[in-house]
Amino acid sequence: MSDSQQLWTDYAACWSADAGERLAALGEVAVEDVAYRDPGTEVAGLAGLAGYMAGFAGAFPGHRFRIDEVLEHHDRSLARWTQLGEQGEPAMAGVSTALHRDGRLADITGFFLPA
């Protein structure tokens, strides 16, 4: 597994991490001043992103993300992902892009693919 694949896999796990461990886990894969945006929100900083992830976990209990493919070059990457439901069934698909800094995600943009 490439470094970027592992980074995205660890990042994806943050979305369904235990609430008490989420911020520390996120700090391992994203810089302190991380920027995050998707079609429904824009947040800044580890605490802001961890809070948004907590809202996701509350709205979609038992859901998690699987990283299906990662493309990378020049400190940038694109990850194709699938949101899995409680029974492991696909619930949504999308892609996310990121700028990397110091080996961690620094600027993340998520896109949801049409069903």
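K.L.:
Teacher, can you tell me more about the pattern of salt bridges here?
P.N.:
When charged atoms on two side chains of opposite charge get close, those side chains can pair. In this structure the tally under the stated criterion is six salt bridges. Its salt-bridge partner being Glu 42, residue Arg 37 comes within 4.0 Å of it at the nearest N-O pair. Given the relative accessible area of 23%, Arg 37 is considered partly exposed. Look at Glu 42 and you get exposed, because its relative accessible area is 60%. Arg 66 is paired through a salt bridge with Asp 68; the nearest N and O atoms lie 2.5 Å apart. Several salt bridges converge on common partners, so that one network encompasses Arg 66, Asp 68, Glu 69 and Arg 80.

K.L.:
Would you mind going over the side chain of Arg 22 with me for this structure?
P.N.:
Mapped onto the fold, Arg 22 is located in helix H2 (residues 19-29). Among buried Asp, Glu, Lys and Arg side chains, Arg 22 stands out as unpaired, with Asp 18 the closest opposite charge at 7.8 Å. Of note is the side chain of Arg 22, whose polar atom sits 2.8 Å from the backbone oxygen of Ala 17. Look past the residues within four positions of Arg 22 in its chain and what remains in contact with it is Cys 14, Trp 15, Ser 16, Ala 17, Ala 50, Met 53, Ala 54 and Ala 57.

K.L.:
Help me out: how do you make sense of the packing of helix H1 (residues 3-14) against H2 in this one?
P.N.:
Between two packed helices, the angle of one axis relative to the other and the distance separating the axes together describe the packing. At their nearest, the axes of H1 and H2 sit 9 Å apart, and the two run at 160° to each other. If you check the angle between H1 and H2, you find them roughly antiparallel. You can see that H1 and H2 cross each other, and the crossing is left-handed. Judged by residue contacts, Leu 7, Asp 10, Tyr 11 and Cys 14 of H1 engage Arg 22, Ala 25, Leu 26 and Val 29 from H2. Taken together, the residues of the contact of H1 with H2 sort by class into six nonpolar, no polar and two charged.

Reading the values: the criteria
Residues numbered from 1 in each chain as written. Predicted model: local features only at pLDDT ≥ 70, side-chain atom pairs only at ≥ 80, totals over all residues. Heavy atoms only, no water. Salt bridge = Lys/Arg side-chain N within 4 Å of Asp/Glu carboxyl O. Buried < 20%, exposed > 50% of the residue type's maximum accessible area, 1.4 Å probe, protein only. Helix = DSSP H or I, 4+ residues; strand = E, 2+ residues; numbered from the N terminus. Lys, Arg positive; Asp, Glu negative; His and termini not counted. Polar contact = N/O pair within 3.5 Å; in protein donor to acceptor, adjacent residues only side chain to side chain. Contact = heavy atoms within 4.5 Å. Axes fitted to C-alpha atoms, helices over the stretch in contact; angles between N-to-C directions. Parallel < 35°, antiparallel > 145°, perpendicular 65-115°, else oblique. Left-handed = near helix turned anticlockwise from the far one by under 90°. Nonpolar A, V, L, I, M, F, W, Y, C, P; charged D, E, K, R; others polar.

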